[in-house]
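Tertiary structure, described
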Amino acid sequence: MSTILITGANKGLGRESARQLRDLGHDVWVAARDEGRGREAADALGARFVQLDVTDDAGAAAAAEHVAAATGGSLDVLVNNAGVSGTSAPTPDITAADVEEVFAVNVLGPVRVLHAFLPLLRRSPAGVVVNVSSGLGSHAVTSEPGRVESSFQAPAYTSSKAALNMLTSQWAAALPELRVNCVDPGYTATEFNGHSGPQTVEEGAEVIVRMATIGADGPTGTYTDRHGPLGW
């Protein structure tokens, strides 16, 4: 049994990943900014709750202290799932403030949370980090004609996921004692996209769950979806 923390786990892919991991017998922490929704999700799933706003340094530190006190000081798996899509304004109208708002959650959030929980992950015999990215963060995927990702225009979101991919690569190289990977859940029907995706939430969570349970001999520095490796 692993101790696993998932950010933004009160709904969507985060909640479904928590459900699947609980069903596998793991000790799962639902981390959410909204205490009411987070506790509701944790109670429904038989998981534990910790309040965590990924944009707040003090909050991230407090969450790490809370989890450390409850677990004896270690965490086996961190899933950086919390994210925002940002404005739907036309690309020429996107402002620096629009991009900054998305990067605050999708890029600086994982940096902040990893920094807070790194001491706990290093105490695990097989620490794992899963960064929930997107095919929209891949230069290769978004440049391939025929892929649905090539038809999207969302500069703030796509660039934030590209940045998260690079962070994953850098962390994997700098932290060889951990397994650090990023995943693309695919275009999944959730509140995040107005339930427009063709995949079910169960299908989307599969790759998150798989990479959260790889163990000490698993890959690191990879970028995959449910079908296999993706081009960066």
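The sections below set out a description of the structure shown in this document. (Residues numbered from 1 in each chain as written. Predicted model: local features only at pLDDT ≥ 70, side-chain atom pairs only at ≥ 80, totals over all residues. Heavy atoms only, no water.)

1. Quick word on the overall build of the protein chain
Check the secondary structure of the protein chain and you find 8 helices and 8 strands. Along the longest, intermediate and shortest principal axes, the C-alpha atoms of the protein chain span 50 × 35 × 30 Å. Within the protein chain, buried positions represent 49% of all 232 residues. Sequence separation of 24 or more characterises 66% of the internal contacts of the protein chain that already satisfy a separation of 6 or more. Total accessible area on the protein chain is roughly 10,400 Å²; 53% of this is exposed by carbon and sulfur atoms. Charge separation in the protein chain, taken as the distance between the mean sites of 16 positive and 26 negative side-chain charges, equals 4 Å. (Helix = DSSP H or I, 4+ residues; strand = E, 2+ residues; numbered from the N terminus. Buried < 20%, exposed > 50% of the residue type's maximum accessible area, 1.4 Å probe, protein only. Contact = heavy atoms within 4.5 Å. Areas by Shrake-Rupley, 256 points an atom, 1.4 Å probe, with all protein chains shown as cover. Lys, Arg positive; Asp, Glu negative; His and termini not counted. Charge placed at Lys NZ, Arg CZ, Asp CG, Glu CD.)

2. Re the pairing of strand β3 (residues 48–51)
Of the strand pairs in this sheet, strand β2 (residues 27–32) and β3 are connected by 4 bridges, and their pairing is parallel. What sits directly across from Ala 31, in β3, is Val 50. Between the parallel pair β2 and β3, the chain is carried across by helix α2 (residues 35–45), and the sense of this crossover is right-handed. (Pairing = 2+ DSSP bridges. Right-handed = clockwise from strand over helix to strand, strands pointing away.)

3. Description of the nonpolar core
Counting residues in each nonpolar core, the largest one holds 30 residues, and the members touching the most others are Leu 5, Leu 52 and Phe 117. Of all the secondary structure elements, the ones that give two or more residues to this core are β2, α3 (57–71), α5 (108–122) and α7 (155–174). Per-element accounting of this core gives the leading share, 7 residues, to α5. Every residue in contact with Leu 52, bar those within four places of it in the chain, is listed here: Leu 5, Thr 7, Ala 31, Ala 32, Arg 33, Gly 59, Ala 60, Ala 63, Val 113 and Phe 117. Counting residues in hydrophobic clusters, the runner-up holds 27 residues, among them Ile 4, Ile 6, Val 30 and Ala 212. (Core = buried A, V, L, I, M, F, W, Y, C linked by side-chain atoms within 4.5 Å.)

4. Remarks on the packing of helix α1 (residues 12–23) against helix α8 (residues 201–212)
Relative placement of two packed helices is described by the angle separating their axes and the distance separating the axes. The contact between α1 and α8 brings their axes to 8 Å, and the two run at 60 degrees. Classified by the interaxial angle, the pair formed by α1 and α8 is oblique. Crossing hand, α1 versus α8: right-handed. Listed contacts from α8 to Gly 12, Leu 13, Glu 16, Ser 17, Arg 19, Gln 20 and Leu 21 of α1 are Val 201, Glu 202, Gly 204, Ala 205, Glu 206, Ile 208, Val 209 and Ala 212. (Axes fitted to C-alpha atoms, helices over the stretch in contact; angles between N-to-C directions. Parallel < 35°, antiparallel > 145°, perpendicular 65-115°, else oblique. Left-handed = near helix turned anticlockwise from the far one by under 90°.)

5. Remarks on the sheet that holds strand β8 (residues 228–229)
Strand order in this open sheet of 8 strands is β3-β2-β1-β4-β5-β6-β7-β8, and the pairing throughout is mixed. Where the open sheet ends on each side, the last strands, each with one partner, are β3 and β8. In the packing of α5 onto the sheet, the strands contacted are β1 (3–7), β4 (77–80) and β5 (128–132), and the crossing angle to β4 comes to about 175 degrees. Sheet contacts for α7: β5, β6 (179–183) and β7 (223–225); angle to β6, the most-contacted strand, approximately 160 degrees.

6. Topic: α2
Along α2, the residues classified as buried are Gly 38, Ala 41, Ala 42 and Leu 45. For α2, the arc enclosing every buried residue in end-on projection is 95 degrees, short of the 170-degree limit, so these residues lie on one face. Across α2 from its buried face, at more than 90 degrees, point the exposed residues Gly 36, Asp 43 and Ala 44. Among the residues of α2, the N-terminal cap falls to Asp 34, whose side-chain oxygen and the backbone nitrogen of Gly 36 are separated by 3.1 Å. Just downstream of α2 lies Gly 46, where phi reads positive at about 75 degrees. (Arc of directions from axis to C-beta. Polar contact = N/O pair within 3.5 Å; in protein donor to acceptor, adjacent residues only side chain to side chain.)

7. With respect to the packing of α3 against α5
One way to put it is that α3 packs onto α5 with a least axis distance of 9 Å and a crossing angle of 25 degrees. Classified by the angle between their axes, α3 and α5 sit roughly parallel to one another. Handedness of the crossing formed by α3 with α5: right-handed. For the pair α3 and α5, contact is made by Asp 57, Ala 60, Ala 61, Ala 63, Ala 64, Val 67 and Ala 68 and by Arg 112, Ala 116, Phe 117 and Leu 120, respectively.

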